[in-house]
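# Structural features, examined
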Amino acid sequence: MIRIDLSGQVAVVTGGSSGIGLATAELFLRAGASVAICGRNTERLAQAEAALNAQFPGAQLLARRCDVLDAEDVSAFAQAVQARFGRADMLINNAGQGRVSTFADTSDEAWREELDLKYFSVIRPTRAFLPMLRDAANGGAANAAVVCVNSLLALQPEPHMVATSSARAGVQNLIKSLAVELAPQRIRVNSILIGIVESGQWRRRYAKEAQPDQSWEDWTAELARKKNIPLGRFGKPEEAAQALFYLATTLSSYTTGSHIDVSGGVARHV
Ligand code: NDP
């Protein structure tokens, strides 16, 4: 097993209080990094902070309330990271959620909200942490990376998620431009394209949509069948986290402007 020691490095995970973000924070802490997480709901954030501190006693962990769509929140989050750790080496743009809607039932307002969420959840944190990432790229550790959690919908749209799919495609394009613009500064920018990953979002849908006697396992297995997922199941948050970890660290030091598919084989293109 490859062991990678990230002590002295700082990973920032937006939306680190649940699902993929929380699993990613765990992975970085396990590798010895200092970690900063954010989310909007203070209760969920406090629970995540307590769970991580219990799992990694003495962890260098900062948990701060921050809505990535609020410029002031994001800049205060970056300042808090600078004050606490003095640096940021890896930024994981993960915060967000999907929107189920067809073209017929997506209003102008819903389109704007969706485009706002998908674009600015990448734009604002990237802009706010860029000065620290530049310093990291020029410093001793010489690894600076941005990794975005994106969806396979970017390449393979679904009509029942029309706005999310369209916004995801645009963000994938933005990530490519960012990778080229930041490459001379030795900051790598990549993404993961996920299919369906067990997380808070899906737990909430299960609570709303499952039959009263249907277990989580039965409900997800049925959905995986309906959605023709070749590996026959939902992904686990830690499986997405491992791909994020690879793209954030020197394990992928010659990779930028690229992505890893974490969809269980759902992608139809070669
Ligand atoms: P979860 O709901 O489990 O986690 C989402 C996290 O993001 C939470 O910590 C949430 O905290 C936070 N968050 C959401 N909106 C904001 C915001 N505006 N500002 C700050 N934090 C925010 O879901 P996942 O782990 O599944 O989601 C992670 C990412 O993966 C999301 O971007 C999602 O769209 C994407 N994705 C997930 C898929 C899946 O199947 N799970 C499929 C495709 C994409 P809080 O609500 O307290 O703010």
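Attention here is on the structure that accompanies the text. Remember, it's a predicted structure, so these values are computed and weren't measured experimentally. (Residues numbered from 1 in each chain as written. Predicted model: local features only at pLDDT ≥ 70, side-chain atom pairs only at ≥ 80, totals over all residues. Heavy atoms only, no water.)

### Side note on the site of the ligand
In the vicinity of the ligand, 29 residues are found, and the nearest of them are Ser17, Ser18, Arg40, Asn94 and Ser199. Gly19 is positioned with one of its backbone polar atoms (N or O) 3.5 Å from an oxygen atom of the ligand. A distance of 3.4 Å separates an oxygen atom of the ligand from a polar atom in the backbone of Gln97. Contact with the protein chains covers 95% of the free accessible surface of the ligand, which is 880 Å². Among the secondary structure elements, those contributing two or more residues to the shell around the ligand are helix 1 (19-30), strand 5 (144-151) and helix 6 (200-209). Class assignment for the residues of the shell around the ligand results in nine nonpolar, 15 polar and five charged. (Near = heavy atom within 4 Å. Polar contact = N/O pair within 3.5 Å; in protein donor to acceptor, adjacent residues only side chain to side chain. Areas by Shrake-Rupley, 256 points an atom, 1.4 Å probe, with all protein chains shown as cover. Helix = DSSP H or I, 4+ residues; strand = E, 2+ residues; numbered from the N terminus. Nonpolar A, V, L, I, M, F, W, Y, C, P; charged D, E, K, R; others polar.)

### Observations concerning the pattern of salt bridges
Pairing is possible between side chains that carry opposite charge, provided their charged atoms lie close to one another. Counted according to the given criterion, the structure contains nine salt bridges. With a closest N to O distance of 2.6 Å, Arg87 and Asp89 form a salt bridge. Here Lys236 ties to Glu198 by a salt bridge, and the two come within 3.4 Å at their closest N and O atoms. One end of the pair, Lys236, is in the loop between helix 7 (216-226) and helix 8 (237-248); the other, Glu198, is in the loop between strand 6 (187-194) and helix 6, and 38 residues separate them in sequence. Since its relative accessible area comes to 34%, Lys236 is described here as partly exposed. (Salt bridge = Lys/Arg side-chain N within 4 Å of Asp/Glu carboxyl O. Buried < 20%, exposed > 50% of the residue type's maximum accessible area, 1.4 Å probe, protein only.)

### Some points on the sheet that holds strand 2 (residues 34-39)
Strand pairing in a sheet relies on backbone hydrogen bonds. The paired strands run either parallel or antiparallel. With parallel pairing, the seven strands of this open sheet are ordered in space as 3-2-1-4-5-6-7. Only two strands of the sheet have a single neighbouring strand rather than two, namely strand 3 (61-65) and strand 7 (259-262). This sheet shows a mean twist of 15 degrees between the axes of neighbouring strands, independent of strand direction. Inspection of the sheet shows strand 6 paired to strand 7 by four bridges, in the parallel sense. Residue Ile194 lies in a different strand from strand 7, and its bridge partner there is Val262. Seen against the sheet, helix 4 (residues 108-138) touches strand 1 (10-14), strand 4 (90-93), strand 5 and strand 6 and runs at an angle of roughly 170 degrees to strand 4. Here helix 5 (residues 162-182) sits on the sheet in contact with strand 5, strand 6 and strand 7, set at roughly 160 degrees to strand 6. (Pairing = 2+ DSSP bridges. Axes fitted to C-alpha atoms, helices over the stretch in contact; angles between N-to-C directions. Contact = heavy atoms within 4.5 Å.)

### A look at the pairing of strand 6
In terms of residue burial, strand 6 counts as a mostly covered element, since eight of its eight residues are buried. The alternating pattern of strand 6 places Ile187, Val189, Ser191 and Leu193 on one face and Arg188, Asn190, Ile192 and Ile194 on the opposite face, and all of these are buried. As judged from the eight bridges shared by strand 5 and strand 6, these two strands associate in the parallel manner. Bridge assignment links Cys148 to a residue of strand 6, and that residue is Ser191.

### Section: the side chain of Arg188
Following the sequence through the fold, Arg188 ends up in strand 6. Here Arg188 occupies a buried position and makes no salt bridge, while the nearest side chain of opposite charge, Asp89, is found at 11 Å. Of note is the side chain of Arg188, whose polar atom sits 3.3 Å from the side chain of Asn143. The contacts of Arg188, once residues within four sequence positions are left out, are Asn143, Ala144, Ala145, Val146, Leu247, Ala248, Thr249, Ser252, Ser253, Thr255 and Thr256. (Lys, Arg positive; Asp, Glu negative; His and termini not counted.)

### As for the state of the cysteines
Counting across every chain of the model gives zero disulfides. The thiol of Cys148 is not disulfide-bonded; the next cysteine sulfur, from Cys38, is found 14 Å away. Its relative accessible area of 1% is what places Cys148 among the buried residues. (Disulfide = S-S within 2.5 Å.)

### What about the packing of aromatic side chains?
Going through the model one piece at a time under the given rule, you end up with eight aromatic pairs. Arranged with centres 5.5 Å apart and planes meeting at 85 degrees, the rings of Tyr206 and Trp216 form a pair that is edge-to-face. Here Tyr206 is found in helix 6, whereas its partner Trp216 is found in helix 7, with ten residues between them in sequence. For Trp216, a relative accessible area of 7% puts it in the buried group. (Phe/Tyr/Trp six-rings, centres within 6.5 Å; stacked < 30°, edge-to-face > 60°.)

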